[in-house]
Each structure stands twice: as C-alpha cells, then as structure tokens.
Amino acid sequence: MTAPPSKPPSIDSPGMLHDAGPPYGTPRWIAPSQLQSLIDILRIENYRVLAPTLDQHAIVYDEITSIGQLPKGYSDSQAPAVYQLTQTPSAPENQKLFHFNLGPHSPKQFLFPPNSILPGPQKAGPQKADFNDADSNQSSDSSHEPQLVQPMAILGLRACELAAIAIQDRVLMSPPFIDSQYALRRKSLFVIAVQCTTAASTCFCHSMNTGPELPGPELPGPELPGPDANPITYDLALTELVPSNHSQFTHGFLIQAGSRRGQVILDQLPSEEPTPEILEAKKQTIEAVHKKIQRAMPSGPSNIDGQPGDLRDALLARLNHPHWQNVADRCLSCANCTMVCPTCFCSSVDEVSDLLNESSIRQRHWDSCFNPDFSHTSGAPVRNTVRSRYRQWLTHKLATWFDQFDSSGCVGCGRCITWCPVGIDLTQEVAKLLEPSDAPLLNVPPRLHHR
Amino acid sequence: MNSERSSSLVDVPNPHSDPIDRDPWHPHSATIRRIDRELDTPTSSVFTLELRLEPSPYADAYCFSPGQFNMLLLPGSGEVAISHSGPSIDRTSRTVSPGTFLHTIRAIGRVTNALEKLRVGDELGVRGPYGTSWPMQQLIGQDVLLLSGGLGMAPLRPVVYAIESRRDDFGRVDLLYGSRSPETILYASELDAWKRAGIGVETIVDHAQDPLVENSPCKPTWTGPVGNVTHLLNRRSSLLDYPDFHPERTQVLLCGPEIMMHRCAQSARKLGIPASSIWLSMERNMQCGVGYCGHCQWGPLFLCKDGPVVPYDLAETLLEIKDL
C-alpha cells in the first residue's frame, strides 16, 4: 500500500487530468470498509457525495455520508412495467453493496436538474430590468442552486450511464454554444463507476455497445467534441467481488483509477495488489453478466451482403408503418419514459414572477415530446395524436439523433421499459416496425452531419 | 441533398465566437428607439420595434443575415422568437446604424401582448441572432421570386432591402404577396418605393373585405386580384404573359403559413424551378434558439439552428409526412 501523503494534494487543480505523470489505472484491491474512507476523503475535499440509497421501495441516488446508507443486501426484479425491490436471500451475495440494477434515477437528475434557474435579470418589467454582463450574473444565479457551488461526486454509475453523460455532453456542451450551468456541474463531477455484476431483464446495453463492461483506461470512452469537453470516463472504477466456494479472498472491491485525480485519491486508500484469483473472478463475473442480458435492440434488416442494415434508415423509411397506431393504442402518452431516460433533454422555460411582478426568474424544467402542446405552430399542436408523438420519441432516439449528434440517443439502460405503466418495450416495437407491411417504404433523406 | 448541402445549412456567420456569448442563455440589453404601428384592425395588431443594443463587445460584434431571428425577453412576461424584419436604416444618410435593428411583431400571445405595451426608451433583453439565413450569395445574378403570406412578409423585408440597395446585382425580382384582406397588407406604404426601385410587386387578398370584421362600415375598395398567392405564381406558366420567366435561373424564397409554402413549392417545381432553388422559412415554438430545448424539431432538423430557412430539396420529403 501507499502511505497517505502528509498534505493531501488538491484534486481539483486544473490540468491535473492532463498532467504528464506515471501511468495510472493499475487495479488495486480494497476491503469494503475502505469505501467509507473514500467517501470521507471526498467530503473533506468539499464534494457532495451521491450514491444509491433506498427510498420509497426503489433504489435512487441521494446524498450519503456513510456506507451504511448503501442498499446492502438489496436487489431488484425488473420487467416491462415492473420494478420490485427484493432482498438477496443468501450469503455471500447478501453482503454486496451493489448487487442491484438501475433505478429510476440517472445522473441526468444532477447534471441537468429537473428544475433550474437560468441566467438573466431577476427584476420584472421594462426599464427595471437589469441585464448585467454574463460574468456578474453568474454569482447571483448560483445562489439558487447548491450544485453550482459545491462539486458533486457520484458513486455507483454504471457503464451505460457513463455513455448517457457523454451523449448529454454533446447536446449541451458542443461548440459554439455551451450551457454554462451544465458545464460547471459536469466539469466538477467526480465519477466513481461501478461494474455491473448482475443484469435486469430490461437491460440491453450490450446491443447498444455501451456496456455492461466499464471502459478501462486502455479503453477510453466515446470521443467528445470540442476542446472544452471533458472526455467521459471515470475517476475511479469499482468491481465488487464476493468469494465462491473455494475462494481464497473475502468480500472486497477491485479499484482502478481512470484519471489523475482519481489516482491521487486511490493512493490515499490502504490497498493491496489483487491476486490472479481475484482478477480471474472479475473476468468470470463480467462474462456471467453478458450471459444474463437477454434483451437486444434489433438492427436494421439485412442488406444484400447479409450485413445488418442501418436502423436509422430502416425506421425513417417506415414512418407510415401501421404498427405506430398499434403502439399508440397502448401508449398513455404519460411521458414517464422521457423522464427516466438518461439522455432525453427536452425542456421548457417558464417565466416565474412574484405577485407584484417586481421580480421574476426564468425557470427551466424538463418537458417531454409526449405532451400535446410541446411543439406547436401558430397556436396549433404539431403532433396532435399519440401515434405521432410516440413516433417522434422513438425515431428521435434511434434515428434522427444520429443526424443531430452523431450517435444513437439510446444507451440500452431499459428504464423506459421498466417504468412504462403499460409495459411498452421499445426493442419489441422496433422489431414489429421492421416487419413487412402494406405501407410503402419512404425515401430516406441522407444522414446530416451537424457536428 | 448531399453533404455539401448539409454543411451549407449551418454555414452562417457566427457572432458567438466571443466566449462570453457562448452561453446562449445570457440576454443582452436593448433599448426601444422607435415604435411603428403597422396594422391596427380589430383583428390584427402588428407593430415594429426599432431596438438598439447597449454598448458592449456583443453589440460591436452583432450582425445578422436576412432570415435569422432573435429571442426577445421581457422579464416577468417571458421570451419569444421574432425574426429580423430589417436593419435600421438612417433615412437621411441611407446608412445602416450598427447594433440597431427592427422586429415586426403581431400581438397575439402573452409575451407579444406585453411587448405591445412597451414605450420608447423601455429596455428588453435580446439573444441572437440565431438560425440559418436566406441564401443571399446565391441570389446574385439570378432572378428572384419572393412569395409571402401574411406576416411572412416580415422576414422577407430584409431581403427586399438588400436587393434594393444593390439592385443591379440581381436579375428580374418579383414579390408576390398574399394577405387576408386589403387592411392587413403589411408595409403597404413601402410597396410603391419597392416598385420604383425595380422590384415587381403583386398583391392578392383572400377577401376583398375582412370577413372577421362584422358589419364593417367600409365598402370594399379593393380592385386587385382575390385568391391566394399560388394563383399569382401559377400565372408564370403562361409564356404569353411572362415571356421573360426563366425557371432555371430563378430562386424562390417562401415565407408564410406552412400549407401556403408547401403548395407554392409544389407549384414552383411544376413550373420547372429546381428544388435546390426553392427556400422555405419554417416556424415552430422555439424557446432556446440553439438546439437545447427540443421544441422545434422537425425530423432530423432543429428548426432554430438548421432552420428557419430550409432548402426545399431537404424539406420536400418532410413536408409530405403528416404530423412529423
């Protein structure tokens, strides 16, 4: 183990990520109790530590101070329209702190909060309005939001959630326009990723190429645009392992740094070199997760060479497919799928003023393309049917997202399947949409490249 | 449509190169210098604000291209997307005043009704300019057909001004302008000046008398054509009446209700005008102007940044799909 430095170096100093230095990322082995030290170090460094907790019969991210708040021994059972918290019955699995799947929360909750106050004047009406320069507004705005002042560390993010952050980065931090509030939260985010050691029936990350395996330092995350964008990887990654019948090791975590500041923190924790047995156990665990994932997003119909076709083109050619009406007959247009989706970014801005109309703020809140008045022209809704709104959501996510952001908008987390009150499963709907129908195929516009 | 075309979609001057303006949410202060009442009928209240930005690096760098829009913010009421309806031109020196521009607005919703109550000297917030512009470079040396319906005249007026200022650079230029009734013809007092500058102006109304005004005491005095603007366009098919109509070298700029633009674009194609020479200004409820909020999506496009001006070869397939 490495002795803790007498004076902890600042983990926030800019450029730390890009400093030349000794290679980092060598896996180490720590006891579960060291997670508490990790939380303590982050809190001393002024991070607000967020992690999975139990709340209202679900596992959701919230602020924690102790590993006792993690959902030890809990798991979940998920299926279309089903989320059931369960207790892991037997040892050694019931000792695990992360033996569960994704809950309804995602990092979107914190990086792009459901409600936020936009920069701008806070006095209402003409003449009284005080449109300051951008810089002077910053301080007054941040008082409304602790996230803008205090950096966040999220413990427990999964591979698909890292991919989701990378996708939202493209939406909100692609030059020339940078959403400064998002960028502020995003750049101070300390990521402690957790390797999935189980999978829900709704997971299909494998077919979206986003998991279940965490990218390693040698496997960098998705390439990001622009000089101002942080590459999305983790600062630290954990793989929780429990012994099987003949194992020589006890319950613990493989821990690996993905950034310089992650390594600086890791070096402060008492750790051991992992045995070959431990490294082999990790490999087998990940293989088991792969096998557990049963769901998959279909690819487009095979082309002449027998290669899978492009799903974007396949869906855009089928905008008049009769199956859209079939989905519409079940869909409640409730917008749950867009709320739990870690990449959906649609929002609305409301002007909120006090009763005397002397002060007002611009409040941004999540919105959804499932709301009938979301898009309108000259006062009339553009998509007045559930059919057209479901079609907008699905084709945006899986097709036109490529035109806009050069990637799919879906990471395969399966939340929209679990939290749909009527259990609509987009992977099955896509399969149905790819079936032949009477509707002639439409001409597909070539893919645009915005970026 | 090919990759060259798609890149030209986003090829607009970018005033946001200054880092301070890269967060698009920050409004910039502007003062109302003049207010012109444009239409004052019982059913239509339209006014033009002349705005001047407060001195700042943003104001110094501010320049817009015809077709682009601004977000106007009135704290306490909200924000609304309004297209540029012209630079402010000093009437004596005939020069453009920097950092000063015009917005023609119909009082129809919460924000626009509040904007209507403002007075000269009041301040509001401005973000922009956003979006794509009319293809001004491609118009040079070409015949130009401007087709406008109702308030769609506002985003086309900067094009008229640009053509007026260098008339010899363009071939034949015609404005075909449809309005609901004679009383709702926007910029009616300017039409004669445009004619004198060598721009053909033809107006048409849906009704010789506004049907929404009950028991109007006015007797209809309209002697011009009645119908919609497509009729004016379709007349071009007669070689006898329009011997100098050359579809292969005509650029068509369309702004008005979506159905009107769709019909006009189809007619223009029938007249032999290439799809890549037809341009539409699309409208949706834009809230952010930069592709963050998602409201203005139209197929693969964010109309706030890939539009509002969209070439018809891109729009054609999208217009055919109902409720897209």
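Worth saying up front: this structure is predicted, and the values here are computed from it rather than measured. (Residues numbered from 1 in each chain as written. Chains lettered and ligands numbered in written order. Predicted model: local features only at pLDDT ≥ 70, side-chain atom pairs only at ≥ 80, totals over all residues. Heavy atoms only, no water.)

**Description of the overall build of chain B**
To keep things clear, this is the line we draw: Runs of H or I in DSSP of at least four residues are treated as helices and runs of E of at least two as strands, each being numbered from the N terminus. Exposure classes here rest on a 1.4 Å probe applied to the protein chains alone. A residue is buried below 20% of its type maximum, exposed above 50%, and partly exposed in between. The contact criterion used is simple: two residues touch if any of their non-hydrogen atoms lie within 4.5 Å. All accessible areas in this document rest on Shrake-Rupley with a 1.4 Å probe, and a residue is counted as covered only by the protein chains that are shown.
Summing up its helical and strand segments, chain B has 9 helices and 15 strands in all. Looking at chain B as a whole, 60% of its 324 residues are labelled buried. Contacts in chain B between residues at least 24 apart in sequence constitute 70% of all its contacts with a sequence separation of at least 6. As displayed, chain B offers around 12900 Å² of accessible surface, 51% of which is attributable to carbon and sulfur atoms.

**Focus: the environment of Thr395(A)**
Residues and elements named next belong to chain A. Note on placement: Thr395 falls in helix H13 (residues 386–405). We classify Thr395 as buried; its relative accessible area is 6%. Sequence separation of Thr395 and Gly409 is 14 residues, and the distance between their C-alpha atoms is 9.6 Å. Look past the residues within four positions of Thr395 in its chain and what remains in contact with it is Leu316, Leu319, Trp324, Thr400 and Trp401.

**What to know about the sheet that holds strand E10 (residues 200–205) of chain B**
Residues and elements named next belong to chain B. Counted only if it meets this: Only when DSSP finds a minimum of two bridges between them are two strands counted as paired. Fitted lines through C-alpha atoms serve as axes, helices being fitted only where they are in contact, and the angles separating the N-to-C directions of these axes extend from 0 to 180 degrees.
Strand order in the open sheet formed by 6 strands is E10-E9-E8-E11-E12-E15, and the pairing between neighbours is mixed. On the outer flanks of this sheet lie E10 and strand E15 (309–311), each paired with one strand and no other. The sheet shows a mean angle of 15 degrees between the axes of neighbouring strands, direction not considered. When strand E9 (residues 173–179) meets E10, the two strands line up parallel, connected through 6 bridges. Paired with Asp174 across the two strands is Gly200, which belongs to E10.

**Focus on the packing of helix H8 (residues 258–270) of chain B against helix H9 (residues 312–320) of chain B**
A pair of packed helices can be characterised by two numbers: the angle between their axes and the separation between those axes. Residue and element names in this part refer to chain B. Heads up, the rule is: What sets the label is the angle itself: under 35 degrees gives roughly parallel, over 145 gives roughly antiparallel, 65 to 115 gives roughly perpendicular, and the rest give oblique. Note on convention: the crossing is left-handed when the near helix lies turned anticlockwise from the far helix by less than a right angle, right-handed when the turn is clockwise. Only Asp, Glu, Lys and Arg are considered charged, only Ala, Val, Leu, Ile, Met, Phe, Trp, Tyr, Cys and Pro nonpolar, and every remaining residue, Gly among them, polar.
Axis separation between H8 and H9 bottoms out at 11 Å; the angle between their running directions is 120 degrees. Comparing their axes, H9 and H8 come out oblique. The crossing of H8 and H9 is left-handed. Packed against H8, whose contacting residues are Glu258, His262, Ala265, Gln266 and Arg269, the element H9 presents Tyr312, Leu319 and Glu320 at the interface. Class assignment for the residues of the contact of H8 with H9 results in 3 nonpolar, 2 polar and 3 charged.

**Concerning the pairing of strand E12 (residues 360–366) of chain A**
Residue and element names in this part refer to chain A. Of all 7 residues in E12, 5 are buried, a share of seventy percent or more. Pairing between strand E6 (residues 115–117) and E12: 3 bridges, direction antiparallel. Along E12, the bridge assignment pairs Asn115 with His365. Two elements, strand E11 (residues 347–353) and E12, share 7 bridges in a ladder whose sense is antiparallel.

**Let's talk about the sheet that holds strand E1 (residues 28–30) of chain A**
All names here are of chain A. Taken in spatial order, the 7 strands line up as E1-E10-E9-E8-E7-E2-E3 in an open sheet, and their pairing is mixed. Bordering the open sheet on either side are E1 and strand E3 (58–63), each of which pairs with just one other strand. Adjacent strand axes in the sheet meet at a mean angle of 25 degrees when their direction is disregarded. Note that strand E8 (residues 190–194) and strand E9 (residues 236–241) share 3 bridges and pair parallel. Bridge assignment links Ile192 to a residue of E9, and that residue is Leu236.

**Thoughts on the nonpolar core**
Note that soluble globular proteins tend to have their nonpolar side chains buried in a common cluster. Just so we agree on the cut-off: To qualify as a nonpolar core, a set must consist of buried Ala, Val, Leu, Ile, Met, Phe, Trp, Tyr and Cys residues joined through side-chain atoms within 4.5 Å.
One finds Tyr390(A), Trp393(A), Leu394(A), Leu398(A), Leu426(A) and Leu254(B) to be the most contacted residues of the largest nonpolar core, which totals 122 residues. By residue number, the principal contributor to this core is helix H5 (residues 159–172) of chain A, which donates 9 residues. With residues near it in sequence (within four places) discarded, Leu426(A) still touches Phe204(A), Met297(A), Tyr390(A), Trp393(A), Leu394(A), Leu398(A), Cys416(A) and Ile417(A). Counting 32 residues, the second-largest nonpolar core is a separate cluster that includes Tyr47(A), Ala51(A), Val194(A) and Ala257(A).

**Section: the pattern of salt bridges**
All names here are of chain A. Applicable threshold: Here a salt bridge means any side-chain nitrogen of Lys or Arg lying within 4 Å of a carboxyl oxygen belonging to Asp or Glu.
Going through the model one piece at a time under the given rule, you end up with 28 salt bridges over all chains. For the salt bridge of Arg186 with Asp169, the shortest nitrogen-to-oxygen distance reads 2.9 Å. Here Asp169 lies in helix H5 and Arg186 lies in helix H6 (residues 180–187), a separation of 17 residues in the sequence. Each member of the pair Arg186 and Asp169 is classed as buried. The shortest N-O distance in the salt bridge between Asp179 and Arg364 comes to 2.8 Å. Taken as a pair, Asp179 in the loop between H5 and H6 and Arg364 in strand E12 lie far apart in primary sequence, 185 residues in all. Relative accessible area serves as the criterion here: at 0%, Asp179 is assigned to the buried category. Classification of Arg364 by relative accessible area gives buried; the value is 2%.

**Focus: unusual backbone geometry**
With the exception of glycine, most residues fall at negative phi, and the peptide bonds are largely trans. At the junction of Gly211(A) and Pro212(A), the peptide bond is cis and its omega measures out at 0 degrees in the coordinates. For the bond running from Gly128(B) to Pro129(B), omega is -5 degrees, close enough to zero to count as cis. One can find Pro129(B) in strand E7 (residues 123–130). For Asn209(A), which is not glycine, the phi torsion reads 65 degrees and is therefore positive. On the secondary structure map, Asn209(A) appears in the loop between helix H7 (205–208) and E9.

**Focus: the confidence of the model for chain B**
Applicable threshold: Across the chain, each position has a pLDDT score giving the predictor's confidence in that residue, from 0 to 100.
Model confidence for chain B is summarised by a mean pLDDT of 88, while 89% of its residues fall at 70 or above. In this model, residues 1–20 of chain B is a region of pLDDT below 50 whose contacts with residues beyond four sequence positions or in other chains number 34 contacts.

**Some points on the interface of chain B and chain A**
To be explicit about the condition: By buried area we mean how much accessible surface two parts lose on assembly, using a 1.4 Å probe and totalling the loss over both. Polar contacts, as used here, are pairs of N or O atoms within 3.5 Å; protein pairs need one atom able to donate a hydrogen and one able to accept it. Residues neighboring in sequence count only if both atoms are side-chain atoms.
Taken residue by residue, the interface counts 51 residues in chain B and 62 residues in chain A. Both sides together, the interface formed by chain B and chain A hides about 4700 Å², and carbon and sulfur atoms give 56% of it. Across the contact surface, chain B and chain A share 1 salt bridge. Linking Arg362(A) and Glu79(B) is a salt bridge whose minimum nitrogen-to-oxygen distance equals 3.2 Å. The interface formed by chain B and chain A contains 23 residue pairs in polar contact (both at pLDDT 80 or more). Elements with a contribution of two residues or more to the side of chain B that touches chain A: strand E1 (28–41), strand E3 (69–74), strand E4 (78–83), E7, strand E14 (301–302) and H9 of chain B. At 5 residues, the largest contribution of residues to the side of chain B that touches chain A is made by E7(B). Each residue belonging to the side of chain B that touches chain A can be placed in one class, and the counts come to 21 nonpolar, 18 polar and 12 charged.

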